[in-house]
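# Summary of structural features
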Amino acid sequence: GAVGFKVRKATLFHYLEDGSTRVSEKRVENSGIVTGEIARRHRVPKKEGGGFYTVEDFDVGVDIEIFGRAYHITDIDEFTREFYSLNGMQRAQASDMPPDYLEPASRTLPATIHSYPDVMFQSQGVSDRFLNLDRKVLRFYCSWNDGRPYGEETFYVLNYFLVD
C-alpha cells in the first residue's frame, strides 16, 4: 500500500459463465466508512487495454485495478485453488496481508504537548442516549377501518424508531 493510505480487506468474485467480476467487503455496522458492495458484477476492462479480466489473470501476488483502485490478491480459497489445479494452472501460495496503515515517514511528534485542564467538555448524555437507543424500534400493529361503502379494514405495522 502507498504511504498514508488505509488498507482494506475485500473479496473478488469472478464468474466463469460470463467472465464478470464483483468486489465486496464485509459489512461493518457503524464503522464510519462505507462497506459492502464496492463494484457490482460486470465485465471489468484491463487497465492497459487488451480486453477484459479473465480467469487466467487472477493469481496470488497479482495487482488487479478496478475503477482506479488497486486490489492486491493475497490468497484464494480452497475451491478456487482446486479449480486451478484441475485445469493445470498452479497458483502461488498465500501471502500476508499488508499492514493496516502505513505511517508517513516524515511525520514527527510535536516537541511539547500542551494540556488545558480548565477546558470543560460538554456532557456525553446526548450521545450516550443515542448509542443506547440506536437500532431500537417500537412496533405497533394497527388497523384502519374504512367506513365508506365497500370499505374494508386494512392492517398496518407502525415502526417508531427511538433515534433519528
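Okay, so let's go over this structure. Computed from a prediction, not measured in an experiment: that's the story for all the values here.

Calculation notes
- Every chain is numbered on its own, with residues counted from 1 as its sequence reads.
- Local features in a predicted model are, by the rule used here, given only for residues with pLDDT of at least 70; side-chain atom pairs are given and counted only at 80 or more, and totals for whole chains, interfaces and linings are based on all residues.
- Values shown for side chains rest on all heavy atoms present in the structure; no hydrogens or waters enter the calculation.
- Comment: elements are numbered from the N terminus, with helices defined as DSSP H or I runs of at least four residues and strands as E runs of at least two.
- The contact definition used throughout considers only heavy atoms, calling two residues in contact when any of these lie within 4.5 Å.
- Accessible surface area values rest on a Shrake-Rupley calculation with a 1.4 Å probe, where residue burial reflects the displayed protein chains alone.
- Salt bridges, as used here, are contacts in which a Lys or Arg side-chain nitrogen is within 4 Å of a carboxyl oxygen on Asp or Glu.
- Note on exposure labels: buried denotes an accessible area under 20% of the residue type's maximum, exposed denotes more than 50%, and partly exposed covers the range between, all computed with a 1.4 Å probe on protein chains only.
- When DSSP finds two or more bridges between a pair of strands, those strands are recorded as paired.
- For helices, the fitted line uses only the C-alpha atoms of the stretch in contact; every axis is such a line through C-alpha atoms, and the angle between N-to-C directions lies from 0 to 180 degrees.
- Side-chain rings of Phe, Tyr and Trp, where Trp is taken by its six-membered ring, are said to pair if the distance between their centres is within 6.5 Å; with planes under 30 degrees apart they count as stacked, over 60 as edge-to-face, and otherwise as tilted.
- Here, over-ring charges are defined by two tests on the NZ atom of lysine or the CZ atom of arginine: distance to the ring centre within 6 Å, and angle to the ring normal within 35 degrees.

### A look at the overall build of the protein
Counting its secondary structure elements, the protein contains 2 helices and 7 strands. Moving toward the C terminus, one meets the helices and strands of the protein in the order β-β-β-β-β-α-α-β-β. In the protein, 38% of the contacts between residues at least 6 apart in sequence involve partners at least 24 apart. Accessible surface, the protein as shown: approximately 13,800 Å² in total, 55% of it carbon and sulfur.

### Brief notes about the pattern of salt bridges
Following the criterion strictly, the structure yields 9 salt bridges and no others. For R41, the salt bridge goes to D18, with nearest N and O atoms at 3.3 Å. Residue R41 is found in strand β3 (residues 37-42), and its partner D18 is found in the loop between β1 (11-15) and β2 (20-24); the two are separated by 23 residues along the sequence. For R41, a relative accessible area of 38% corresponds to the partly exposed category. What makes D18 partly exposed here is its relative accessible area of 37%. Residue R81 is joined to D75 by a salt bridge in which the shortest nitrogen-to-oxygen separation is 3.5 Å. For R81, a relative accessible area of 18% puts it in the buried group. In this structure, a network of salt bridges that share partners links the residues E17, D18 and R41.

### Digging into the pairing of strand β5 (residues 69-72)
Where strand β4 (residues 63-66) lies against β5, 4 bridges are found, and the strand directions are antiparallel. Across the sheet, I64 pairs through a bridge with Y71, a residue of β5.

### Examining the sheet that holds β3
Spatial strand order, β1-β2-β3: 3 strands in an open sheet with antiparallel pairing. Every other strand in the sheet has two partners, leaving β1 and β3 as the edge strands with one partner each. Averaged over all neighbouring strand pairs, the angle between strand axes comes to 15°, with direction disregarded. Pairing of β1 with β2 involves 5 bridges; the strand directions are antiparallel. Bridge pairing links H14 to T21 in β2.

### Thoughts on the packing of aromatic side chains
Geometry of an aromatic ring pair is reported as the spacing of the ring centres plus the angle between the planes. Applying the stated criterion to the full structure yields 2 aromatic pairs. The interplanar angle of 40° and the centroid separation of 6.1 Å between the aromatic rings of Y53 and F58 together place this pair among those described as tilted. On the basis of relative accessibility, which here comes to 10%, the residue F58 falls in the buried class. Measuring from centroid to centroid gives 5.7 Å for F83 and Y84, while their planes differ by 70°, and the two rings are edge-to-face. Looking at Y84, the relative accessible area reads 4%, which means it is buried. For R41, the ring lying beneath its charged end belongs to Y15, and the centroid distance is 3.7 Å.

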